[in-house]
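Structure assessment
Residues per chain, in single letters:
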Amino acid sequence: MSWSYRGSLEGRVALVTGGAGGIGATLCRMLAEAGARVIVGYRSSEREARELAAKLPGGPHLAARAPVTDSAALGLCAAAVDEAYGRCDLLVNCAGTTKFVPHADLDELDDALIDTILTTNVRGAFATVRAFRALLMRNEGALVVNISSIAGRTAMGSNVMYCASKAALDSLTMSLARALAPHIRVVSVSPGLVDTAFVQGLDRRWRDEQAARSALGRLATPEEVGLAVLSAAVGLPYSTGVIIPVDGGRPLN
Ligand SMILES: NC(=O)c1ccc[n+]([C@@H]2O[C@H](COP(=O)([O-])OP(=O)(O)OC[C@H]3O[C@@H](n4cnc5c(N)ncnc54)[C@H](OP(=O)(O)O)[C@@H]3O)[C@@H](O)[C@H]2O)c1
């Protein structure tokens, strides 16, 4: 991590939903390195979240159940964060889901899959903001970062509904930025394909093709997504309602 962010979030509290995932775990580590106390939100990866929270620098950090499709559970999560820290300065909506379905295969993208994608990626982000709004309002300078995808702009991605869900998430970013101003800033961080362990496990030729399609000729690293989150938190205090691309110039090609 760039040394300039070290200590920049000292005294701040950050929740990352999907915090044990490929990108989420890196975000948790970088936020902790920047001095934040981090809540690693999980749905099914409780063990991974606890192990991660235990090994992050600084702290104290927490692992907390944060299933974004369950608003009652999100309410309990907010209460637990309130009890532990009495504040939440940064909410990173990183939880997300998808499945590879060719765009022309309308039948495989069935209603159940559509509902899962939209409920998680769109309703889930909104519901988490709703649950944490009061805590975010408690201190000045609060920020929500929605981890979106450049697929929301290019309409190219793992399936048609995933792309639509990220376009909807970007719209949500703008609406919520207006609705929650001036108390809470809301931004999207919008990566192209990120070189996580999952992506590294996919077909090598397909990955190389994707990398070649970005102007910079490579995939994003999870750290580059983290740097965008930290930049939004520390370096862009007058920005809200914006979509911050981390895509290597993918839409240029
Ligand atoms: N990887 C990429 O190339 C890429 C590119 C652009 C954008 N993104 C976005 O970045 C975010 C993270 O992706 P990733 O690559 O890190 O994926 P990942 O490794 O599959 O992680 C996804 C995380 O989302 C969590 N999650 C899924 N459904 C949930 C639910 N209902 N409630 C709470 N948590 C839920 C999972 O938590 P549990 O494990 O606890 O169930 C998991 O930690 C996603 O929003 C994704 O759309 C990824």
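I will try to describe carefully the structure that is included in this document.

Thresholds applied
- Residues numbered from 1 in each chain as written.
- Predicted model: local features only at pLDDT ≥ 70, side-chain atom pairs only at ≥ 80, totals over all residues.
- Near = placed C-beta within 6 Å.
- Helix = DSSP H or I, 4+ residues; strand = E, 2+ residues; numbered from the N terminus.
- Nonpolar A, V, L, I, M, F, W, Y, C, P; charged D, E, K, R; others polar.
- Buried ≥ 20, exposed ≤ 12 C-beta atoms within 10 Å, placed from the backbone.
- Pairing = 2+ DSSP bridges.
- Axes fitted to C-alpha atoms, helices over the stretch in contact; angles between N-to-C directions.
- Parallel < 35°, antiparallel > 145°, perpendicular 65-115°, else oblique.
- Left-handed = near helix turned anticlockwise from the far one by under 90°.
- Contact = placed C-beta atoms within 7 Å.
- Right-handed = clockwise from strand over helix to strand, strands pointing away.

Describing the site of the ligand
Near the ligand you find 29 residues, and of these Gly18, Gly21, Gly22, Ala95 and Gly96 are the closest. Listing elements by their share of the shell around the ligand, those giving two or more residues are helix 1 (22-33), helix 4 (111-137) and helix 7 (197-200). When its residues are assigned to classes, the shell around the ligand shows 14 nonpolar, 14 polar and one charged.

As for unusual backbone geometry
Backbone torsion omega between Gly59 and Pro60 reads 10°, so that peptide bond is classified as cis. Structurally, Pro60 can be placed in the loop between helix 2 (46-55) and strand 3 (62-65). Omega for the peptide link from Ala181 to Pro182 comes to 0°, which places this bond in the cis form. By the secondary structure assignment, Pro182 is in the loop between helix 6 (160-180) and strand 6 (184-191). In this model, Ala155 sits at a positive phi of 60°, which is unusual for a non-glycine residue. Mapped onto the elements, Ala155 comes out in the loop between helix 5 (151-154) and helix 6. Note on Ala155: 12 C-beta atoms within 10 Å, which makes it exposed.

As for the sheet that holds strand 5 (residues 142-147)
Across the sheet, which stays open at both edges, the seven strands sit in the order 3-2-1-4-5-6-7 with parallel pairing between neighbours. The sheet terminates laterally at strand 3 and strand 7 (243-246), the two strands that pair on one side only. Ignoring which end each strand starts from, the neighbouring axes of this sheet average 20° apart. Alignment of strand 2 (residues 37-42) against strand 3, held across four bridges, turns out to be parallel.

Regarding the packing of helix 4 against helix 6
Closest axis-to-axis distance for the helix 4/helix 6 pair is 9 Å, and the angle between their directions is 15°. Taken together, the axes of helix 4 and helix 6 are roughly parallel relative to one another. Both helix 4 and helix 6 take part in a crossing whose hand is right-handed. Across the interface between the two elements, Ile114, Ile117, Leu118, Asn121, Val122, Ala125, Phe126 and Val129 from helix 4 touch Met161, Tyr162, Ser165, Lys166, Ala168, Leu169, Leu172 and Leu176 from helix 6. Across the contact of helix 4 with helix 6, the residue classes break down as 13 nonpolar, two polar and one charged.

Things to note about the pairing of strand 2
Burial runs high along strand 2: six of the six residues are buried. Alternating positions in strand 2 separate into two faces, Arg37, Ile39 and Gly41 on one and Val38, Val40 and Tyr42 on the other, with burial throughout. Read from strand 1 (residues 13-17) through helix 1 to strand 2, the crossover connection turns out right-handed. Taking the sense of rotation as the criterion, the β-α-β connection linking strand 2, helix 2 and strand 3 turns out right-handed.

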